[in-house]
Amino acid sequence: MNKFIMEANQFLDRDVVGYFHTDFYGVSHPRNPNFLYKFKNDPHHNWTQQHLRYAINDLNRVLRMDFPEIMRHVKLDSLTVCVVPRAKADNFYRPDQLLFRTTVGEYAQSTLGFQDGSGFIVRHTNTRTTHLRKLNEGFENDGQMPYPGIASDTCHFSQKISGHDILLVDDIYTKTVNIDEDMVQALFDNGARSVVFYAIGNTPRKF
C-alpha cells in the first residue's frame, strides 16, 4: 500500500491523506489490477458470473491487506466506510454493475473497527463518465464534466455522515480529474469529522 497527499485545490479546501494499493497502468500491463474492469461490467464485456466472483475475491483480498494497515496509520478506533458512486445515477445501473460498492460495504460490515457507510452517498443525477476512451454503441455519455461542487449537486449525502471519521473508497484515483477531491470536500461540507481517502488503483501522471 502507498501513501500520498491529496492536495488542496479549487475542488478541495485542505490537504487530505490518501492511500492506494497499486498503480493502474492499463489492461496490458502485467501488474495492473485488471479485476477492476469486471466491476464496471459494461455490456460489451459480457463478463460471466464466474468472472464477477473472481473479481469479488480479488477485491476482498486487497481490502484484507490494506484496511487494517490504514486503521493502524490513522490511529482511530473506528472508520465509517463510504464509496464514491459511479458516474451515472444509481437507477441507471444493474445490481451486478454496483458490485464494487456492495463488496466494499460487506467487507466493512464484517470487519472490526469499520462501519458500513456504503449507502451514505447516492448519485441521483448523471455526470459524464470520464474513464471511457471511446463511446460504446448505444451508450449516451450525458451529464457534466467535473466542476467544484458537482458531488453536492448530483448526490444525496446521508445525515449519518455528520460527526464521523470517514474512509472514502474509490476504485481508481486520477489526480487530474478531481472527482475524488470534490467528493472529499462534500463529505466535509456534510459534517464529516475527518476524511481519509483510499483507492485500489492510482493512475500515474505519465499514464
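Anything mentioned here points back to the structure above.
Within any chain, residue numbers begin from 1 and follow the written order of that chain's sequence. In keeping with the predicted nature of the model, local features appear solely for residues at pLDDT of at least 70, side-chain atom pairs appear and are counted solely at 80 or more, and the whole-chain, interface and lining totals rest on all residues. Side-chain calculation: all heavy atoms of the structure are included, whereas hydrogens and water are not.

## A look at the side chain of Asp180
Moving on, step 1. Only DSSP runs of H or I reaching four residues or more are called helices, and only runs of E reaching two or more are called strands; each is numbered from the N terminus. Along the chain, the position of Asp180 falls in helix α5 (residues 179-189).
Moving on, step 2. A 1.4 Å probe rolled over the protein chains alone gives each residue an accessible area, and that area as a share of the maximum for its type sets the label: buried under 20%, exposed over 50%, partly exposed in between. In this tally Asp and Glu are treated as negative and Lys and Arg as positive; neither His nor the chain ends contributes. In the sections that follow, a salt bridge refers to a side-chain nitrogen of Lys or Arg positioned within 4 Å of a carboxyl oxygen of Asp or Glu. Buried charged residue Asp180 carries no salt bridge. Nearest counter-charge: Arg123, at 8.2 Å.
Moving on, step 3. By the convention used here, residues are in contact when the closest approach between their heavy atoms is within 4.5 Å. In this structure Asp180 touches Met6, Val84, Leu168, Asp170, Ile172, Tyr173 and Phe197, once residues within four positions along its chain are discounted.

## Describing unusual backbone geometry
Moving on, step 1. Its identity as a non-glycine residue notwithstanding, Lys75 has a phi of 55°, on the positive side.
Moving on, step 2. Structurally, Lys75 can be placed in the loop between α2 (49-74) and β3 (79-83).
Moving on, step 3. Phi at Asn178 takes a positive value of approximately 75°, unusual for a residue other than glycine.
Moving on, step 4. Checked against the element boundaries, Asn178 lands in the loop between β7 (165-173) and α5.
Moving on, step 5. Judged by relative accessible area, which is 11%, Asn178 ranks as buried.

## Some words on the sheet that holds strand β4 (residues 114-116)
Moving on, step 1. The strand order β1-β2-β8-β7-β3-β4 describes an open sheet built from six strands, whose pairing is mixed. For this open sheet the edge positions go to β1 (2-6) and β4, each flanked by a neighbour on one side alone. Going across the sheet, the axis of each strand differs from the next one's by a mean of 30°, ignoring polarity.
Moving on, step 2. For β7 and strand β8 (residues 194-202), the ladder comprises eight bridges, and the chain directions are parallel. Across the sheet, Ile166 pairs through a bridge with Val195, a residue of β8.
Moving on, step 3. For helices, the axis comes from a line fit to the C-alpha atoms of the stretch in contact; other axes are also lines fit to C-alpha atoms, and the angle between any two N-to-C directions lies between 0 and 180 degrees. Sheet contacts for α2: β2 (16-23), β3, β4, β7 and β8; angle to β8, the most-contacted strand, approximately 145°.
Moving on, step 4. α5 rests against β1, β2, β7 and β8 of the sheet, and its axis sits at about 165° to β7. Two strands pair under a simple rule: DSSP has to find at least two bridges between them.

## Concerning the packing of α2 against helix α3 (residues 99-109)
The geometry of a pair of packed helices is captured by two quantities: the angle between their axes and the separation between those axes.
Moving on, step 1. Where α2 meets α3, the axes come as close as 10 Å, and the angle between the chain directions of the two elements is 45°. With respect to their mutual orientation, α2 and α3 come out oblique. Every pair of crossing elements has a handedness; the one defined by α2 and α3 is right-handed. Contacts from Leu52, Ile56, Leu59, Asn60, Leu63, Arg64, Phe67 and Pro68 of α2 reach α3 at Leu99, Phe100, Thr103, Val104 and Tyr107.
Moving on, step 2. Here the residues of the contact of α2 with α3 are counted per class, giving ten nonpolar, two polar and one charged. Each angle receives one of four descriptions, namely roughly parallel if under 35 degrees, roughly antiparallel if over 145, roughly perpendicular if within 65 to 115, and oblique otherwise. Handedness of a helix crossing follows the sense of rotation of the near helix relative to the far helix, less than a right angle counterclockwise being left-handed and clockwise being right-handed. Classes in brief: Ala, Val, Leu, Ile, Met, Phe, Trp, Tyr, Cys and Pro nonpolar; Asp, Glu, Lys and Arg charged; the others, Gly included, polar.

## A closer look at the pattern of salt bridges
Moving on, step 1. Considering all chains together, one arrives at six salt bridges under this definition.
Moving on, step 2. Measuring nitrogen to oxygen at the nearest pair gives 2.9 Å for the salt bridge that ties Arg94 to Asp96.
Moving on, step 3. In this structure, Asp165 and Arg193 form a salt bridge, with 3.0 Å as the shortest nitrogen-oxygen distance. With Asp165 in strand β7 and Arg193 in the loop between α5 and β8, this residue pair connects regions lying 28 residues apart in the sequence.

## Overview of the packing of aromatic side chains
Moving on, step 1. The pairing test for Phe, Tyr and Trp rings, Trp by its six-membered ring, is centres within 6.5 Å, and the orientation test on the planes gives stacked under 30 degrees, edge-to-face over 60, and tilted for anything in between. A full pass over the atoms with the stated rule returns eight aromatic pairs.
Moving on, step 2. Ring geometry for Phe67 versus Tyr198: centroids 5.7 Å apart, planes at 85°, classification edge-to-face. Taken together, the residues Phe67 in helix α2 and Tyr198 in strand β8 connect sequence positions 131 residues apart.
Moving on, step 3. Phe67 sits in the buried class, given a relative accessible area of 0%.
Moving on, step 4. Note on Tyr198: relative accessible area 0%, which makes it buried.
Moving on, step 5. Here a set of aromatic residues connected by ring pairs shows up, and it is made of Phe4, Phe20, Tyr173 and Phe197.
Moving on, step 6. Over a ring means this: the NZ of a Lys or the CZ of an Arg is within 6 Å of the ring centre and within 35 degrees of the ring normal. The side chain of Arg14 reaches across the aromatic face of Phe188, ending 3.7 Å from its centre.

## Re the pairing of β2
Moving on, step 1. Counting buried residues along β2, six of its eight residues qualify, which places the element largely inside the surrounding structure.
Moving on, step 2. The pairing of β2 with β8 spans five bridges and is classified as parallel. Residue pairing in the sheet places Asp23 in a bridge with Asn202 of β8.

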